Amino acid sequence: MINLATKDIAHSWLKFVITAMGVGMLLGIVLIMIGVYRGMVIDAQVLLDDIGADMWVVQENTLGPFAESSRIHEDLKNTLRATVDIDKTAALAFLNLQVRTPDGVMKRVYSVGYDPHGDISAINPKRLVAGRTLEKSHYEIVVSQKLGFKLGDKIKLGRNIYTVVGITKGAVSSGGDPAIFLSLKDAQELQFLYSNARIHNDRARGLKVDADNHLVNAIVATLKPGSDPDAVAEDIRRWKHLSVYTAAQERDVLTKNVIETASKQIGMFTVILIGVSTIIIALIIYTMTLEKIKEISIMKLVGLPNWMITKMITQETLTLGVLAFIFGNLFAHAIWDKFPKRVVLEVPDAWALFGIVLIASVLASLFGVYKAIKADPRAAIGG
Amino acid sequence: MTNEVGIKVENLTKIFGSGDSEVRVLENASLEVKKGEFAALVAPSGAGKTTLLMMLGCVTEPTSGKIWLGDELVWDEDHWSIPDTRRIRREKIGFIFQAHYLIPFLNIVENVKLIPLTNGWPDKKADKKAMELLEYFDIADKRDAMPSQLSGGQNQRAAIARALSNEPQIILADEPTAALDMQRAVNVVKMLRKIVEEQNVAIIMVTHDERLLPYCDKILSIENRKVVTTTQDAHLIV
């Protein structure tokens, strides 16, 4: 039996392929949107995983340090370390900054301050692509390679100038901004010390200038083997004035409280795009059917059964969907790394989209099938 | 010619619309074309030639009357007496139109063998039949060409080959020569004449060209919404 769909596609293959490429680009954008969501989820957990703490201690009644502002005293790390089940502790300071890149562009970065001589490092050594981690208590900085700095470059932040001693790849904040690493002391100065002008002004106003730069945003801790994180967290909470989150709870805070709205937004866009793709496929198939309505009328006039015509339209729609899906994947894989934030393309997402495309294609073909079934065979001869 | 019925119509009436907009195209019209008979259907424009052809082809529903195709009653007063009109069309009838109306995305041989394949013929048999017909119409070398690559005359011959591919008992031709010059028109009609004699089919050909009438055995004309039959001896002319 002659496959009418194959013959029709072969007859106008260029038009068909270009149409599939157009729809494919739309599906590629859908894949990218899903990839952006996946990237957000991963980005949100990068610092969490790199620091590798079992417990996050922050200001009481806050979801800090990522979801809410949190300020606690640095020396709490010593108190915590004295707790029975706690192995190591570290004080951390987080701050959003604007850095002028070597290209002269101001870029938003996420500064992470940690004690280079402490027990826990905020830098995952696997992310270092050049140089080293921090070794001095002042004026050293480790930057993300996305910023374009080289080892030895000087960066002015606040009152001081910092030397680039290390370059990382993939270290980002929960919002996807490139991370930079400073010593805790430098980070505290940047965050908590007033500028000279501010101090001068405050003195002129008769105010007491007493900035406390021994504050941090969070204290992280690792536990001794065999300890129960929930039990330890509950013990620390009993001290009052502190909120404590286990690593799992902090992960929940990041994925639910920090990126939930953004992910819902992306989800909405993805659903709309899939809907738009379905409508576009339906319109294309409808138009393609209208273009063939004379031939369809002839087929009906000479006696071809409806199922052959329906099969032709459905097969063409499915072929368009499959081709568009392939082009969409190629397109997504060609452009994903051009996006400023992390895009993660995962095979299960692609297969899920493939299923949706197949269902959408079958639904879309119904318009064409309806038109074909309604076609009057007399239209073939204009009578 | 045999005495077997090719097409038989009794008291066929077709009314379009109703009330003030009612148009009576045919009223109690009757005709008969035997197998092996070539009939021309002539009438002024708008007299209902194509409508009659479409009713005979089981495409348009008559208002009343009876239609037989071969020995099968297909329309009985107010309903089709066959479950599937399209099956009748693809098994018993061959259509030829003014334009070739070949399917543009199928090549010539595929166009010709599409209906036999749909009727369940094995591919080899359908291919053999299609090639026989293409050879008969002298376009076998164009078997793999697309309709857009052939001349009007070659396409019309391919269309006639398609009409014959299902070995029909009846051929309905709606002005098949209208788009051709006189020489080609005569060639097409001679071809149909030959088919009538060799394959014992009944042909009704709608035409406006009186120069083609001598090739026909019968002339059916629509006058006052009835079909008037005039018989002549076409064999002497050909």
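From a predicted model like this one, the values you see are computed outputs, not experimental measurements. (Residues numbered from 1 in each chain as written. Chains lettered and ligands numbered in written order. Predicted model: local features only at pLDDT ≥ 70, side-chain atom pairs only at ≥ 80, totals over all residues.)

**Observations regarding helix α1 (residues 49–56) of chain B**
Residues and elements named next belong to chain B.
Thought 1: Of all eight residues making up α1, eight are buried, and the element is well covered by its neighbours.
Thought 2: Taken residue by residue, α1 has Lys-49, Thr-50, Thr-51, Leu-52, Leu-53, Met-54, Met-55 and Leu-56 as its buried positions.
Thought 3: Where α1 ends, the next residue or the one after it, Cys-58, has phi of about 60°, a positive value. (Buried ≥ 20, exposed ≤ 12 C-beta atoms within 10 Å, placed from the backbone. Helix = DSSP H or I, 4+ residues; strand = E, 2+ residues; numbered from the N terminus.)

**So, the packing of helix α2 (residues 13–51) of chain A against helix α7 (residues 247–258) of chain A**
Residues and elements named next belong to chain A.
Thought 1: Following both chains from N to C, one finds α2 and α7 inclined at 145°, their axes separated by 10 Å at the closest point. Here the hand of the crossing between α2 and α7 comes out right-handed. Two secondary-structure elements touch here, α2 through Val-41, Ala-44, Gln-45 and Leu-48 and α7 through Ala-247, Glu-250, Arg-251, Leu-254, Thr-255 and Val-258.
Thought 2: Taken together, the residues of the contact of α2 with α7 sort by class into six nonpolar, two polar and two charged. (Axes fitted to C-alpha atoms, helices over the stretch in contact; angles between N-to-C directions. Left-handed = near helix turned anticlockwise from the far one by under 90°. Contact = placed C-beta atoms within 7 Å. Nonpolar A, V, L, I, M, F, W, Y, C, P; charged D, E, K, R; others polar.)

**Observations regarding the pairing of strand β8 (residues 160–168) of chain A**
The side chains of a regular strand alternate between both faces of the sheet.
Residue and element names in this part refer to chain A.
Thought 1: The pairing of strand β5 (residues 128–131) with β8 spans three bridges and is antiparallel. Note that in β8 the partner of Leu-128 across the bridge is Thr-168.
Thought 2: In this structure, strand β6 (residues 140–144) lies alongside β8, joined through five bridges in parallel fashion. Paired with Ser-144 across the bridge in β8 is Thr-168.
Thought 3: Relative to β8, strand β7 (residues 154–157) is paired through four bridges, and the arrangement is antiparallel. Counted as the bridge partner of Lys-156 is Ile-161 from β8.
Thought 4: Linking β7 back to β8 in an antiparallel pair, the connection comprises two residues, with Gly-158 at a positive phi of about 60°. (Pairing = 2+ DSSP bridges.)

**A few points about the sheet that holds strand β1 (residues 5–16) of chain B**
Residues and elements named next belong to chain B.
Thought 1: Within the open sheet, the five strands sit side by side as β2-β1-β4-β5-β6. Their pairing is antiparallel. The outermost strands of the open sheet, each flanked by one partner alone, are β2 (23–34) and β6 (79–80).
Thought 2: Note: β1 against strand β4 (residues 64–69), five bridges, orientation antiparallel. Residue pairing in the sheet places Ile-7 in a bridge with Leu-69 of β4.
Thought 3: Here α1 sits on the sheet and contacts β1, β2 and β4; the angle it forms with β1, its principal contact strand, is near 120°.

**Section: the interface of chain B and chain A**
For an interface, size is often stated in terms of accessible area lost upon the parts coming together.
Thought 1: Each partner contributes to the interface: chain B provides 21 residues, whereas chain A provides 19 residues.
Thought 2: It is helix α3 (residues 108–118) of chain B that contributes the most residues to the side of chain B that touches chain A, five residues altogether.

**Let's talk about the nonpolar core**
Thought 1: In terms of nonpolar packing, the biggest core is built from 177 residues, with A:Val57, A:Leu92, A:Phe181, A:Val220 and B:Ile203 touching the most fellow members.
Thought 2: The leading source of residues in this core is α2(A), at 15 residues.
Thought 3: Once residues within four sequence positions are removed from consideration, A:Leu92 is found in contact with A:Val112, A:Gly113, A:Tyr114, A:Ala122, A:Val216, A:Asn217, A:Ala218 and A:Val220. (Core = buried A, V, L, I, M, F, W, Y, C linked by C-beta atoms within 7 Å.)

**Regarding the sheet that holds strand β8 (residues 170–174) of chain B**
All names here are of chain B.
Thought 1: Reading across the sheet, the six strands line up as β7-β8-β9-β3-β10-β11 and stay open at both edges, with mixed pairing between neighbours. Strands with a single pairing partner mark the edges of an open sheet, and in this sheet they are β7 (93–96) and β11 (226–231). Sheet twist, expressed as the mean angle between neighbouring strand axes with direction ignored, is 20°.
Thought 2: Against the sheet, helix α5 (residues 152–164) touches β7 and β8, its axis set at about 165° to β7.

**Regarding helix α11 (residues 347–374) of chain A**
All names here are of chain A.
Thought 1: Its 28 residues place the ends of α11 41 Å apart at the C-alpha level, agreeing with the 40 Å of an ideal helix rising 1.5 Å per residue.
Thought 2: If you look at α11, its biggest bend is around 25°, right at Phe-367.
Thought 3: When α11 is considered as a whole, its buried residues turn out to be Leu-353, Val-357, Ala-360, Ser-361, Ala-364, Ser-365, Gly-368, Val-369 and Ala-372.
Thought 4: Check the buried side of α11 and you find it contacts α2, α8 (260–291), α9 (293–301) and α10 (306–335). (Expected span 1.5 Å × (residues − 1). Bend = angle between axes of the 7 residues up to and from the residue.)

**What about the environment of A:His241?**
Thought 1: Mapped onto the secondary structure, A:His241 falls in the loop between α6 (229–237) and β12 (242–246).
Thought 2: Assessed through the 10 C-beta atoms surrounding it within 10 Å, A:His241 is described here as exposed.

**Some thoughts on unusual backbone geometry**
Residues and elements named next belong to chain B.
Thought 1: Residue Asn-11 is not a glycine yet carries a positive backbone phi of 50°.
Thought 2: Inspection of the secondary structure puts Asn-11 in strand β1.
Thought 3: Residue classification places Asn-11 among the partly exposed positions, given that 15 C-beta atoms sit within 10 Å.
Thought 4: At Tyr-101, a position not held by glycine, the phi torsion is positive, near 50°.
Thought 5: The topology assignment puts Tyr-101 in the loop between β7 and α3.
Thought 6: On the neighbour-count criterion, Tyr-101 (23 C-beta atoms within 10 Å) is buried.

**Remarks on the confidence of the model for chain B**
Thought 1: For chain B, per-residue confidence averages 90 on the pLDDT scale, and 97% of positions sit at 70 or higher.
Thought 2: Interface confidence in the predicted complex, given as ipTM, is 0.86; pTM for the same model is 0.77. (pLDDT = per-residue confidence, 0-100.)

**Quick notes on the packing of α8(A) against α10(A)**
All names here are of chain A.
Thought 1: Here α8 crosses α10 at 140°, and the two axes come no closer than 11 Å. Taken together, the axes of α8 and α10 lie oblique to each other. Considering the relative orientation of α8 and α10, their crossing is right-handed. Facing Ile-281, Ile-284, Ile-285, Met-288 and Thr-289 of α8, the residues of α10 in contact are Ile-313, Glu-316, Thr-317, Leu-320 and Gly-321.
Thought 2: For the contact of α8 with α10, the per-class residue count stands at six nonpolar, three polar and one charged. (Parallel < 35°, antiparallel > 145°, perpendicular 65-115°, else oblique.)

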